[in-house]
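Geometric and topological summary
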Amino acid sequence: MNTFSGDFWWKDIAGPQNFVKRVTEILTERHIPLLSVPADIPWRHSMRTAVVEKLNEIHPDISPNVFTIDVSDECPENNIGEFLLQKFADKDVADAYRPRSGKTVQAYLTAQEVLANKIIWVKGLEPVHIEAWMKFCRQFKPCSLETGTFIVESRDPVPALLPEIFQPVEFVQFVSHYDAILFNNLLMSEKEPALTNLRQGYISVAAAHLCEFDAELSEALLQDERWFQKAPQEMLQELAEEEPFSRRGERSGSRHILALLRANEMPEIMQRLWTAQIQVLFPILELQRLWIIEQLRSQLEYIVQTKYVEQFKQRLCSPDEIELGTLVFLMAKHDDGDRWLYVPDDSLRNAIFKLRDCRNLLAHRHQCCNPEDVDFILSFEETRIAAGKN
């Protein structure tokens, strides 16, 4: 795990940072945060560290210690009080508790200060555990950083009705798609300075759409240098076999990108990539269309004035309206044997054909451009920008 990237995600990117801030606010307010997080949340350990550091920043006089409990492994039978006594109390204190004494185990834990200055971070909850833990925590009073408190982390949605002591913190309410893109952009600018901003931007957006909120997987995908030679789904397939990603997306019903790959659900995978390409490449193709028209404007003005050129069942009246497909049509031989549009520059002529094909693929067939086509579009744009600076 890249600890630096995990710290950066949870401490410096707005959405994750606000998630951490809200958890600490709830603890300070003497409530129990009930977290709803994805099963494949990125840098889970860094999230917990960020919460602890934020608490220590706010309450340097208390400096609570955080103890993580994986319920499925450590307390599967829901014998919560006994488990906490055995784990955190001195042996004589644990052995002295008598359930028949009339004192609840929660009251005994508080009286003996077993959980004082401790935050018990409960994770690994299955549906059979959640109700028991919520009931136990509800009866632990007072619940504070001084006497001891809990963070309950669940992979399921927050229940509609919650006891007052619990405050929900839902990951998806704080972390957006734009957080993933920003994170990727900042990583790319730091780690791949040799790539142009155009290429960094395309890779950042494509990785964010494919991996969604799994910024940890996204970071690994960003580090692959074959973006313009190999399809990203093929690179992800390789990552799926590596640690720490070999178990990502294993939960039943998961829409994690690696779960989709293992199930060979290519339509959804390609839809995610297509969405990224529409977002990044389509505006570039439009700028390139306008630039090409500018290079050929004198010819095109003459054509629209002297020829009947139909586009979308209407006669063209302005060169600015001419689409790439119409440019290809104008370059072809017509019934009079003439090419109405003459483009002597082979590279520009070939580019018009190529860009037309790419635009049609994205706009009309809802299909993705292959890595070579993406490379061509970005290379042409880099050339166009460079020409404008000279």
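In short, a report on the structure. Since the structure is predicted, the reported quantities are computational estimates derived from the model, not experimental observations. (Residues numbered from 1 in each chain as written. Predicted model: local features only at pLDDT ≥ 70, side-chain atom pairs only at ≥ 80, totals over all residues. Heavy atoms only, no water.)

Here we take up the pairing of strand 4 (residues 149–154). Most of strand 4 sits out of view: six of its six residues are buried. Neither face of strand 4 is left uncovered, since the one carrying Thr149, Ile151 and Glu153 and the one carrying Phe150, Val152 and Ser154 both have all their residues buried. Sheet topology note: the strand 1 (residues 32–36)/strand 4 ladder contains three bridges and is parallel. Looking at strand 4, one finds that Leu35 is bridged to Glu153. The sheet contact formed by strand 3 (residues 118–123) and strand 4 spans four bridges and is parallel. Counted as the bridge partner of Ile120 is Phe150 from strand 4. (Buried < 20%, exposed > 50% of the residue type's maximum accessible area, 1.4 Å probe, protein only. Helix = DSSP H or I, 4+ residues; strand = E, 2+ residues; numbered from the N terminus. Pairing = 2+ DSSP bridges.)

Counting 92 residues, the largest nonpolar core has Trp10, Tyr202 and Leu236 as its most contacted members. Look past the residues within four positions of Tyr202 in its chain and what remains in contact with it is Trp227, Phe228, Leu273, Gln277, Val280, Leu281, Val374 and Leu378. Counting residues in hydrophobic clusters, the runner-up holds 32 residues, among them Ile32, Ala94, Val105 and Phe136. (Core = buried A, V, L, I, M, F, W, Y, C linked by side-chain atoms within 4.5 Å. Contact = heavy atoms within 4.5 Å.)

Moving on to the sheet that holds strand 2 (residues 65–70). Taking strand neighbours across the sheet as the criterion, the five strands line up as 2-3-4-1-5 in an open arrangement whose pairing is parallel. In the strand order of this sheet, the two ends are held by strand 2 and strand 5 (166–170), each with one partner. Taking each pair of neighbouring strands and ignoring which way they run, the sheet shows an average axis angle of 20°. Helix 3 (residues 44–58) rests against strand 2, strand 3 and strand 4 of the sheet, and its axis sits at about 155° to strand 3. (Axes fitted to C-alpha atoms, helices over the stretch in contact; angles between N-to-C directions.)

What follows is about the side chain of Gln277. Here Gln277 is to be found in helix 15 (residues 266–295). A relative accessible area of 1% means that Gln277 is categorised as buried. Excluding residues that lie within four positions of it along the chain, Gln277 makes contacts with Tyr202, Phe282, Leu362, Cys368, Cys369 and Val374.

What follows concerns helix 3. Residues three or four positions apart in an α-helix share a direction because the helix packs 3.6 residues into each turn. Taking 1.5 Å per residue as the helical rise, helix 3 with its 15 residues ought to reach 21 Å, and the 22 Å between its terminal C-alpha atoms agrees with that figure. Those residues of helix 3 that fall on the buried side of the exposure criterion are Arg44, Ser46, Met47, Arg48, Ala50, Val51 and Leu55. (Expected span 1.5 Å × (residues − 1).)

Another point: the packing of helix 15 against helix 18 (residues 346–363). Interaxial distance between helix 15 and helix 18 falls to 10 Å at its minimum, and their mutual angle equals 145°. Helix 18 is crossed by helix 15, and the crossing has left-handed handedness. Judged by residue contacts, Trp274, Gln277, Ile278, Leu281, Phe282, Leu285, Gln288, Trp291 and Ile292 of helix 15 engage Leu348, Ile352, Leu355, Arg359, Leu362 and Ala363 from helix 18. Residues that form the contact of helix 15 with helix 18 fall into these classes: twelve nonpolar, two polar and one charged. (Left-handed = near helix turned anticlockwise from the far one by under 90°. Nonpolar A, V, L, I, M, F, W, Y, C, P; charged D, E, K, R; others polar.)

Our focus in this paragraph is the pattern of salt bridges. For the coordinates displayed, the defined rule picks out 33 salt bridges. Two residues, Arg289 and Glu286, come together in a salt bridge whose shortest N-O distance is 2.7 Å. Placement of both Arg289 and Glu286 in helix 15 is noted, with a separation of three residues, approximately one turn of the helix. Residue Arg289 is classed as buried on the basis of its relative accessible area, which comes to 6%. One salt bridge connects Arg349 with Asp346, and the closest N-O pair in it is separated by 2.3 Å. Of this pair, Arg349 and Asp346 both sit in helix 18, three residues apart, roughly one helical turn. Arg349 sits in the partly exposed class, given a relative accessible area of 26%. (Salt bridge = Lys/Arg side-chain N within 4 Å of Asp/Glu carboxyl O.)

Turning next to the packing of aromatic side chains. Working definition: an aromatic ring pair is given by the centre-to-centre distance plus the angle between the planes. What the rule picks out here adds up to 20 aromatic pairs. Measuring from centroid to centroid gives 5.3 Å for Trp9 and Phe183, while their planes differ by 85°, and the two rings are edge-to-face. Placement of Trp9 in helix 1 (residues 3–12) and of Phe183 in helix 10 (residues 177–191) is noted, with a sequence separation of 174 residues between them. With respect to class, Trp9 is no different from Phe183; both count as buried. Ring centres of Tyr202 and Phe228 lie 6.4 Å apart, and the angle between their planes is 35°; on these two criteria the pair is classed as tilted. Linking Tyr202 in helix 11 (residues 197–211) with Phe228 in the loop between helix 12 (215–222) and helix 13 (232–239), this pair joins segments that are 26 residues apart in sequence. There is no split in this pair, since Tyr202 and Phe228 are both buried. Clustering of aromatic rings is evident, with ring pairs tying together Phe4, Phe8, Trp9, Trp10, Phe19, Trp43, Phe171, Phe174, Phe183 and Phe213. When the ring centre of Phe228 is taken as origin, the NZ or CZ atom of Arg199, which lies over that ring, is 4.7 Å away. (Phe/Tyr/Trp six-rings, centres within 6.5 Å; stacked < 30°, edge-to-face > 60°. Lys NZ or Arg CZ within 6 Å of the ring centre and 35° of its normal.)

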